[in-house]
Amino acid sequence: MTAARRPLASHRRIVIKIGSALLVDRKTGLRAQWLDAICADIAALKGKGINVLVVSSGAIAMGRTVLDLPAGALKLEESQAAAAVGQIALARAWSESLSRDGIVAGQILLTLGDTEERRRYLNARATINQLLKIGAVPIINENDTVATTEIRYGDNDRLAARVATMTSADLLILLSDIDGLYTAPPHLDPEARFLDIIPAITPEIEAMAGGAASELSRGGMRTKIDAGKIATGAGCSMIIASGKTEHPLRAIEEGVRSSWFAPSGTPVTARKTWIAGQLQPAGELFVDEGAENALGTGKSLLPAGVRRIEGNFHRGDTVAIVGMDGREIARGLASYDAEEARQIIGRKSGEIEAILGYAGRAAMVHRDDLVMTASARRKTKKDLKEDAAHA
Ligand code: GLU
């Protein structure tokens, strides 16, 4: 066992994401025996004093079986109705199964806005924390009955990562039919190697997951790596493991093959974690190299270093700060509406009052509201030297 692998019991708070196919069989419906087994695993963890949260998929799949819908794509309103029917059955199944182990379940349904908007985020977090405090297991899913394309997470991998960062969990476990990350798709490439420890999500690791548009990666490895970036960036470890066996958590304890992602080194404040984990920045600020270097040393983003602005954001919205080549460098909360921001780019902070007619903030994004995006960190001289030594 290498350093990144730690016993599950050494964690304080674990979020477990469970894929639809594990819980629901297309023909026979709920996989009740499997559910009972994982509930026993959860009870064992709780018995060791660990807080457990479940992000459970399966509402739509379950609704499909209950309604006996034909295979194939569903229209939006059909999948929303299927989710409405399926979610109630799913929640009941969790509640009944956990109660056999003496555990109370509480249902939380979230939409994207519940984690993207700060006040709603704090509300949802407070409810989840209260459930944990009273010893209940939150059973969380996307609110698929009202979520339309623009306002949905779309996949429960990223939702689970958001829940993990929101609740300061120290471990996220993604259970699905994939046992972990390979250097290439194993069914296509016989040379594909399994990776059991991933110390950092580098661009190479991202490339292994395939592009966002790839047919193979849809809802598969791509969203899992995205989840990994959110979770590990906030100091939370992540495991990808197969849930196909019964008692998958016990199997992980016993050393079953799985991929472990180490948390990134620098913990940031809860507020910055929220900023960094925003899934849909409202705009983009393109900055020059001088500004990029200043950000790297912990400075605020001044209007002078901004060259171009995209998007229509308001003051307080999250914006992505990107290099002129489009690489994301950081995220932060805009101090100005987009319209005003456009008027002051490239200008000195002292000129703001004359241009806008009032004395606004000197920074376009203040350093307290700004967090560097880990994967886009600019290389330091030391990094470059190390790269050269390894070449
Ligand atoms: N929220 C969806 C459901 O419960 C599943 C989304 C996913 O598995 O990524 O049916």
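Refer to the structure presented above.
Scope of this entry: the structure provided in the associated data block. Here the structure is a predicted model, which is why all the values come from computation and not from measurement. (Residues numbered from 1 in each chain as written. Predicted model: local features only at pLDDT ≥ 70, side-chain atom pairs only at ≥ 80, totals over all residues. Heavy atoms only, no water.)

So, on to helix 12 (residues 289-296). Along helix 12, the residues classified as buried are Ala291, Glu292 and Leu295. Projection of helix 12 onto a plane perpendicular to its axis shows the buried side chains occupying an angular sector of 100°, all on one side. Within helix 12, the exposed residues directed more than 90 degrees away from the buried face are Glu289 and Gly296. The secondary structure elements touched by the buried residues of helix 12 are strand 13 (283-287), strand 15 (318-323), strand 16 (328-333) and strand 17 (370-372). Two to three positions downstream of the cap, the backbone nitrogen of Gly290 sits 3.3 Å from a side-chain oxygen, assigning the N-cap of helix 12 to Asp288. (Buried < 20%, exposed > 50% of the residue type's maximum accessible area, 1.4 Å probe, protein only. Helix = DSSP H or I, 4+ residues; strand = E, 2+ residues; numbered from the N terminus. Arc of directions from axis to C-beta. Contact = heavy atoms within 4.5 Å. Polar contact = N/O pair within 3.5 Å; in protein donor to acceptor, adjacent residues only side chain to side chain.)

Under the definition given, this model contains 19 salt bridges. The closest approach of N and O atoms between Arg158 and Asp155, which form a salt bridge, is 2.9 Å. Neither residue differs from the other here; Arg158 and Asp155 are each classed as buried. Across the salt bridge formed by Glu206 and Lys229, the nearest N and O atoms sit 3.2 Å from each other. Residue Glu206 is located in helix 8 (residues 203-208), and its partner Lys229 is located in helix 9 (residues 221-233); the two are separated by 23 residues in the primary sequence. (Salt bridge = Lys/Arg side-chain N within 4 Å of Asp/Glu carboxyl O.)

So, about the sheet that holds strand 12 (residues 259-261). Strand pairing within a sheet occurs via backbone hydrogen bonds; the two strands may be parallel or antiparallel. Strand order across the open sheet formed by eight strands is 5-6-4-1-7-11-12-10, with mixed pairing between neighbours. Among the strands making up the open sheet, the edge pair consists of strand 5 (105-110) and strand 10 (197-198). Sheet topology note: the strand 10/strand 12 ladder contains two bridges and is parallel. Following the sheet pairing, Ile198 is matched in strand 12 by Phe261. (Pairing = 2+ DSSP bridges.)

On to the pairing of strand 7 (residues 171-176). Burial analysis of strand 7 places six of its six residues in the buried class, which makes it a mostly covered element. In strand 7, alternate side chains face the same way, and those of Leu171, Ile173 and Leu175 on one face and Leu172, Leu174 and Ser176 on the other are all buried. As judged from the five bridges shared by strand 1 (residues 13-18) and strand 7, these two strands associate in the parallel manner. Bridge pairing links Ile16 to Ile173 in strand 7.

No statement about biological role is implied by the geometric values presented.
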